[in-house]
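# Commentary on secondary and tertiary structure
Now for the letters of each chain:
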Amino acid sequence: MSTVLTEIRGPVGLATLNRPDARNALSPEVFKELATALEAWDGDPEVRCIVIAGGDEWFAAGADIRDMASRGFQDMLDSPSTGFWPRMAAVRTPLIAAVSGYALGGGCELALACDMIVASERAEFGQPEILLGIIPGGGGTQRLARLLGKQRAMELVLTGRRITALEAEAMGLVNRVTKARDWLKESLDLAEVIARRPPLAVRLAKQAVLAADETTLAGGLSQERRLFELAMATEDRVEGMQAFIEKRKPEFRGR
Ligand code: HXC
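The following paragraphs examine the structure supplied in this document. All values derive from a computational prediction rather than experimental measurement.

### Examining the environment of T36
Turning to its location among the elements, T36 is positioned in helix α1 (residues 28–42). Judged by relative accessible area, which is 48%, T36 ranks as partly exposed. The spacing of T36 and R87 is 51 residues in sequence and 9.0 Å in space, taken between C-alpha atoms.

### Things to note about a nonpolar patch on the surface
A cluster of nonpolar side chains, I130, L131, I135, M154 and L158, forms an exposed patch at the surface whose accessible area comes to about 500 Å². In this fold, L131 is placed in the loop between β8 (124–126) and α6 (140–148).

### Section: the pairing of strand β1 (residues 4–9)
Where β1 and strand β2 (residues 12–17) come together, six bridges link them in antiparallel fashion. Opposite E7, over in β2, you have L14 as the bridge partner. Connecting β1 to the next strand, β2, in antiparallel fashion are two residues, including G10 with a positive phi near 60 degrees.

### Overview of the nonpolar core
Ranked by size, the top nonpolar core spans 44 residues in total, and within it L34, I52, F59, M88, V99, L110 and F125 carry the most contacts. Broken down by element, this core gets its largest block of residues, six residues, from α1. Every residue in contact with L110, bar those within four places of it in the chain, is listed here: L17, L26, L34, I52, F59, F84, W85 and M88. If you look at the next biggest cluster of nonpolar residues, it comprises 16 residues, including V51, L188, I194 and A195.

### Some details on the sheet that holds β1
In space, the six strands of this open sheet follow the order β1-β2-β3-β5-β7-β10, with mixed pairing throughout. Looking at which strands have only one partner, the edges of the open sheet turn out to be β1 and β10 (176–178). Neighbour-to-neighbour, the strand axes of this sheet turn through a mean angle of 20 degrees, independent of strand direction. By the bridge criterion, four bridges tie strand β5 (residues 95–99) to strand β7 (residues 116–120) in an arrangement that is parallel. Among the inter-strand pairings, A98 is bridged to a residue of β7, identified as V118.

### Concerning the environment of G137
Inspection of the secondary structure puts G137 in the loop between β8 and α6. Given the relative accessible area of 66%, G137 is considered exposed. It is 8.6 Å that separates the C-alpha atoms of G137 and T82, two residues lying 55 residues apart in sequence. In this structure, G137 is in contact with W85 and E109, ignoring residues within four places of it in sequence.

### Notes on the pattern of salt bridges
Per the counting criterion, the structure on display carries 17 salt bridges. Salt-bridge contacts for R92 lead to D42; the nearest nitrogen and oxygen are separated by 3.4 Å. Highlighted residues: R92 in the loop between α4 (80–89) and β5 and D42 in helix α1, separated in sequence by 50 residues. Since its relative accessible area comes to 9%, D42 is described here as buried. The salt bridge involving R225 is made with E229; its shortest N-O contact spans 3.7 Å. With R225 and E229 both in helix α11 (residues 217–232), this residue pair falls four residues apart, about one helical turn. What makes R225 partly exposed here is its relative accessible area of 46%. Here the salt bridges share partners, and the residues they tie into one network are D42, R92 and R203.

Definitions and limits used
- Residues numbered from 1 in each chain as written.
- Predicted model: local features only at pLDDT ≥ 70, side-chain atom pairs only at ≥ 80, totals over all residues.
- Heavy atoms only, no water.
- Helix = DSSP H or I, 4+ residues; strand = E, 2+ residues; numbered from the N terminus.
- Buried < 20%, exposed > 50% of the residue type's maximum accessible area, 1.4 Å probe, protein only.
- Patch = residues over 30% accessible without salt bridge, like charges linked within 9 Å, V, L, I, M, F, W, Y side chains within 5 Å.
- Areas by Shrake-Rupley, 256 points an atom, 1.4 Å probe, with all protein chains shown as cover.
- Salt bridge = Lys/Arg side-chain N within 4 Å of Asp/Glu carboxyl O.
- Pairing = 2+ DSSP bridges.
- Core = buried A, V, L, I, M, F, W, Y, C linked by side-chain atoms within 4.5 Å.
- Contact = heavy atoms within 4.5 Å.
- Axes fitted to C-alpha atoms, helices over the stretch in contact; angles between N-to-C directions.

Next up, the structure:
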């Protein structure tokens, strides 16, 4: 049985973590299967947006503790979890985390590594690694500090405290909070809106926004300008502007 179920819904790729017996803990197989699915969709022009989901009760309870317990330093260097994060970061298609239930440790980091997070009112986020004698290793310290500011990131990482979806929303960690039964539908709805946008401009826009985390304001503004100029070179922008002038709906072709 696959640990990640994949499904195409129109222009949206839906990857569902599928290890219910282990609360969707991220085993080496999950890391491998998820990275493979993301890369395949990223190379498929029909897939315009990707949703990564868990189940109602748990998004993912973190990296697999049973697997980690038996790994030494060398084994960790070679583990699929080490290779996973850069592979995910290289995906140019927008990624939405659809979170219901627990998103803990590596599960929280998986959601944070997505471009947007839609959370059920029953979602809970946290970095409990400290309780196991380790620290986050999938980007948690860096992404939380950038998103929430140092003080709040420090508290979550040092205490391991879990926060509710509403707290996460107030802190700016999630894009929106949905009713308990609507988290997947609202995630897919958001993905479909993005999927209708001109795909080249979408990828350029994602790259531009992500540059804000990587560089100075002047450097980021300069990158944005180059990416804007690239967008100006696409056929889709000619179509988009012509359609506006002719008062009709644009037909974007990803060129
Ligand atoms: C392996 C896990 C697991 C995990 C749960 N299970 N979380 N197995 N790795 N991260 C397994 C349990 O061992 C148990 O298996 C079954 O799932 C059900 O778990 P329970 O604890 O009985 O369920 P529940 O009472 O509902 O509590 C759910 C929970 C709790 C709050 C999510 O399981 C929990 O605290 N899990 C650990 C969370 C955590 O510490 N995450 C951080 C991991 S470190 P059996 O066989 O007994 O039924 C990490 C580092 C990231 O993520 C580094 C970068 C990748």
